Amino acid sequence: MTEKDIKDKSEQIIEALTDLSLGKEPHLLSNESFRKLGNHPNFQQIKNIYLAYLQTFDGKIDTPEKIKLLFDLRMKINELFD
């Protein structure tokens, strides 16, 4: 999986998490992440990892350390979802 693939997939998962939290429900044409996330065995872990990231996020990604934290978040989310 390339870095772009990891980025795109993790963004889909986070968007699905956001949609679910707003009460939206997946339908036949929804992407795979949205259809599967609500019943995924690692749903709680994915949610908790994202929440932990948000609690430390200060609104900008402007240092190498913050870039690494974002990349690590993406990797963890993808690993848990796959």
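Below is a short write-up of the structure. Throughout this document, residue positions are counted from 1 along each chain, in the order its sequence is written. For a predicted model such as this one, the threshold for reporting local features is a pLDDT of at least 70, and the threshold for listing and counting side-chain atom pairs is 80 or more; totals across whole chains, interfaces and linings nevertheless cover every residue. The side-chain figures draw on all heavy atoms in the structure; neither hydrogens nor water molecules are used.

1. Here we look at the nonpolar core
Core analysis: the biggest nonpolar cluster contains 15 residues, and I13, L37, I46, L73 and I77 have the highest contact counts within it. Of all the elements in the fold, those that place two or more residues in this core are α1 (3-21), α2 (32-37), α3 (43-56) and α4 (64-81). Element by element, the count of residues in this core is highest for α4, at 5 residues. In these notes, a set of buried Ala, Val, Leu, Ile, Met, Phe, Trp, Tyr and Cys residues joined through side-chain atoms within 4.5 Å is what counts as a nonpolar core. Relative accessibility under 20% of the residue-type maximum defines a buried residue, over 50% an exposed one, and the middle range a partly exposed one, all with a 1.4 Å probe and only protein chains included. Runs of H or I in DSSP of at least four residues are treated as helices and runs of E of at least two as strands, each being numbered from the N terminus.

2. Quick look at α1
Here, expected helix span is obtained from the residue count minus one, scaled by 1.5 Å. With 19 residues, α1 extends 27 Å between its outermost C-alpha atoms, agreeing within 8% with the 27 Å of an ideal straight helix rising 1.5 Å per residue. Among the residues of α1, I6, K9, S10, I13, I14, A16 and L17 are the ones counted as buried. Relative to the axis of α1, the buried residues are bounded by an arc of 155° and lie together on one face. Only heavy atoms enter the contact rule, under which two residues are in contact if any of them lie within 4.5 Å. The elements touched by buried residues of α1 are α2, α3 and α4. Summarising the geometry, the arc corresponds to the directions from the helix axis toward the C-beta atoms.

3. Details of the pattern of salt bridges
We count a salt bridge whenever a side-chain nitrogen from Lys or Arg sits within 4 Å of a carboxyl oxygen from Asp or Glu. Tallying each qualifying case throughout the model produces 10 salt bridges. Salt-bridge contacts for K9 lead to E32; the nearest nitrogen and oxygen are separated by 3.7 Å. Of the two residues, K9 sits in helix α1 while E32 sits in helix α2, which places them 23 residues apart along the sequence. Residue classification places E32 among the partly exposed positions, given a relative accessible area of 35%. The partner of D62 in a salt bridge is K66, and the shortest N-O contact between them spans 3.3 Å. Owing to a relative accessible area of 47%, D62 belongs among the partly exposed residues under this scheme. Judged by relative accessible area, K66 falls into the partly exposed class, the value being 22%. Each of the salt bridges in this network shares a partner with another, and the network as a whole consists of D58, K60, D62 and K66.

Just geometry here; none of it tells us what the structure is for.
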